[in-house]
Amino acid sequence: MLQLLHIENIAVIERADIELDKGLTVLSGETGAGKSIVIDSIGALLGKRVSRDLVRSGAQKGFVSAVFTDLPRALRELLDELALSGDEPDTLYVQRQISADGKSTCRVNMKPASAAVLRQLAPYLIDIHGQNDGQKLLDEAHHIEYLDGYAGCAEILERYRPKYQALVTLRREITALETGEQERLQRIDMLTFHKEEIEQAALKPDEDEALAQRKAYFDHAGKIAGALEQARMALSGDDEIAGACELLDQAASAIESLREVSDAFDGMAEQAEEVRLLAADLRDSVASQGDNLDFSPAEREMVEQRLDEIYRLKQKYGGTIPEILAYLEKITAELDTLENADDRREELREQYRGMLAEAKGIAAELTEQRRKAAKQLEGEIVRELSELDMDKVKMRVAVRTGTKLSSHGCDTVTFEISVNPGEPEKPLSKVASGGELSRIMLALKNVLTAGEDVGMLIFDEIDTGVSGHAAQQIGRKLSAIAKKKQTLCVTHLPQIAAMGDHHLRISKSVRGGRSYTDVSPMDREHRVDEIARLLSGEEISDAARRNAEELLDAAGQGA
């Protein structure tokens, strides 16, 4: 149960400490006083999305904290699993801080946590039934969720939904293979052409660099031949002029003769011999290169054609030969996949058939469990409604089973009702008035939460469209619920307010040009005034006070 709620700098609430106890607590106040802010603050503690607008104007941050006690065993086990247990095993401290820049931080038992963790804890802490739940009840798409919650289908759905998602994925793949047949054939033609063109070229890594060098050789043929001839003449000479090699022979021979005179010329003679031999090697190399010059026009044309071919392939398939070869490898793999699409499609169809059989088997389990639970749920809701001044009502939870699977199985569920004797059951959206819808929702909530671990129920203005005796019956039902679970009800109706074991009034005032909201517990005297205000408005008459006294006495609420 929620024992203490602390709110600080949230909207018009500067600071509020709200102590709560077991039983039914009613919260009343004028429209716009800030009742919704209390509910929004509790929602923040349950991990709901918060906006920077929630922070009080002029404040740097807003803060909400709560103390929960009498924790259910499932919640204590979850806290242990999340390593968030505190020093007090049966007490839980939850905090959330919202900064003016929109960021928020959370703590559970003084340990950092995320909003997602708060959402994990929320089902064990508080169930809020807001004004929009009535509209949700009118939407038949949600009826199957209500029935599944009552029937305990969570385990079966946990087995079914992965199968269903796998079926959706397989069907999508099969459809893509079936509807893309023309595109597939066109793609095969194009990739086959690319593959054959590249393979026929028989490219080799770095081949283009070697060809470029060979082309440069042909482009400079005249310069190469002329330079080699000039070098040959300089080294070998001719009949009229001695070349460098002949002159070096003479120099080496002359220096060699000096060795007979003195050993001092040994080094010079060796150096001269070395130079002579080097020049002779160079002369022979130049001569060999000159003799082997090959400027074949046929080879030159072949080189240029090959380079042109490689250039065209680069323009189409990649900037370098390695990139072209990588593209070839990629399209070869893709072609293998495309050409084997028929085999792949049949393989997927076989998988689909097997998965479909498994999913339908689990869906049949869901149908059986839903049909069994539907009759029980009908009876329980009718009994609840009879206690809410709707004793002539007939209720049907219609489970219709088709052949097409959805995320819920093969079933659709519709809540149908007859509120007048002799009238057939019809969908809620076509029959129920606002007041009837509120009572149906209350009955449904009472039935669905009876076996849940949630510690507290909050009913936020469920009295829409209700008055008189029906309002009194709703108050009594809330009081009965509160004997089993701690309950908070935000209300505008005096009949409901009178049924509270505890009564909080929320009021707004202006001090120093700023709005402030306060939440105050009330004693018997103040409750009489508040219920009288709900009966007659701001001008409270003696008759309204007497009426309020009678309502409290009838409800057995002395304080």
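For the structure, check the block above.
Residues numbered from 1 in each chain as written. Predicted model: local features only at pLDDT ≥ 70, side-chain atom pairs only at ≥ 80, totals over all residues. Heavy atoms only, no water.

### Notes on the packing of aromatic side chains
Taken as a whole, this structure holds three aromatic pairs when the rule is applied. Taking 5.4 Å as the distance between ring centres and 15° as the angle between the ring planes, the aromatic pair formed by Tyr-317 and Tyr-327 counts as stacked. Taken together, the residues span a long stretch of sequence, with Tyr-317 in helix α12 (residues 297-317) and Tyr-327 in helix α13 (residues 321-339) at a distance of ten residues. Residue placement shows Arg-56 over the ring face of Tyr-516; its charged tip is 4.6 Å from the ring centre. (Phe/Tyr/Trp six-rings, centres within 6.5 Å; stacked < 30°, edge-to-face > 60°. Helix = DSSP H or I, 4+ residues; strand = E, 2+ residues; numbered from the N terminus. Lys NZ or Arg CZ within 6 Å of the ring centre and 35° of its normal.)

### Notes on unusual backbone geometry
Excluding glycine, residues mostly have negative phi values, and the peptide bonds linking residues are mostly trans. Not every positive phi belongs to a glycine, and Asn-9 is a case in point at roughly 55°. Within the secondary structure layout, Asn-9 lies in strand β1 (residues 2-10). The backbone of Met-110 shows a phi angle near 70°, a positive value even though the residue is not glycine.

### Some points on the sheet that holds strand β13 (residues 486-490)
Each strand in a sheet pairs with its neighbour through backbone hydrogen bonds, running either in the same direction (parallel) or in the opposite one (antiparallel). Strand order in this open sheet of six strands is β8-β12-β13-β3-β14-β15, and the pairing throughout is mixed. Among the strands making up the open sheet, the edge pair consists of β8 (126-129) and β15 (514-521). For this sheet, the mean angle separating the axes of adjacent strands, direction not counted, is 15°. Each of β3 (24-28) and β14 (502-511) is contacted by helix α19 (residues 524-536), which is oriented at about 75° to β14, the strand it contacts most. (Pairing = 2+ DSSP bridges. Axes fitted to C-alpha atoms, helices over the stretch in contact; angles between N-to-C directions. Contact = heavy atoms within 4.5 Å.)

### Here's the deal with the layout of surface pockets
The calculated volume of the second largest pocket comes to roughly 260 Å³. Lining the second largest pocket are 21 residues, and of these Met-1, Asp-70, Gly-455, Lys-485 and Gln-486 lie nearest its centre. Secondary-structure elements contributing two or more residues to the lining of the second largest pocket are β4 (61-69) and α3 (115-125). Broken down by class, the residue content of the lining of the second largest pocket amounts to eleven nonpolar, four polar and six charged. (1 Å grid on protein atoms, 1.4 Å probe; cavity = no way out; pocket = protein on both sides within 12 Å on 5 of 7 lines; lining within 4 Å. Points joined across faces, edges and corners; volume = space filled by probe spheres on them. Nonpolar A, V, L, I, M, F, W, Y, C, P; charged D, E, K, R; others polar.)

### Here we look at the environment of Arg-396
With respect to the helices, strands and loops of the structure, Arg-396 is situated in strand β9 (residues 394-406). A relative accessible area of 34% means that Arg-396 is categorised as partly exposed. When the C-alpha positions of Arg-396 and Thr-414 are compared, they lie 8.1 Å apart, and in sequence the two are 18 residues distant. Those residues in contact with Arg-396 that lie beyond four places of it in its chain are Glu-378, Thr-414, Phe-415, Glu-416 and Glu-425. Here the side chain of Arg-396 touches Glu-416 through a polar contact of 2.5 Å, side chain to side chain. (Buried < 20%, exposed > 50% of the residue type's maximum accessible area, 1.4 Å probe, protein only. Polar contact = N/O pair within 3.5 Å; in protein donor to acceptor, adjacent residues only side chain to side chain.)

### Observations regarding α13
The end-to-end C-alpha separation of α13 is 26 Å, in line with the 27 Å expected for 19 residues at 1.5 Å each. Those residues of α13 lying buried are Ile-321, Ile-324, Leu-328, Ile-331, Leu-335 and Leu-338. Across the axial projection of α13, the buried residues extend over an arc of 95°, all falling on one side. For α13, the exposed residues set more than 90 degrees away from the buried face come down to Pro-322, Glu-329, Lys-330 and Thr-337. Those residues of α13 that are buried are in contact with α7 (181-201), α8 (207-219), α12 and α14 (341-386). (Expected span 1.5 Å × (residues − 1). Arc of directions from axis to C-beta.)

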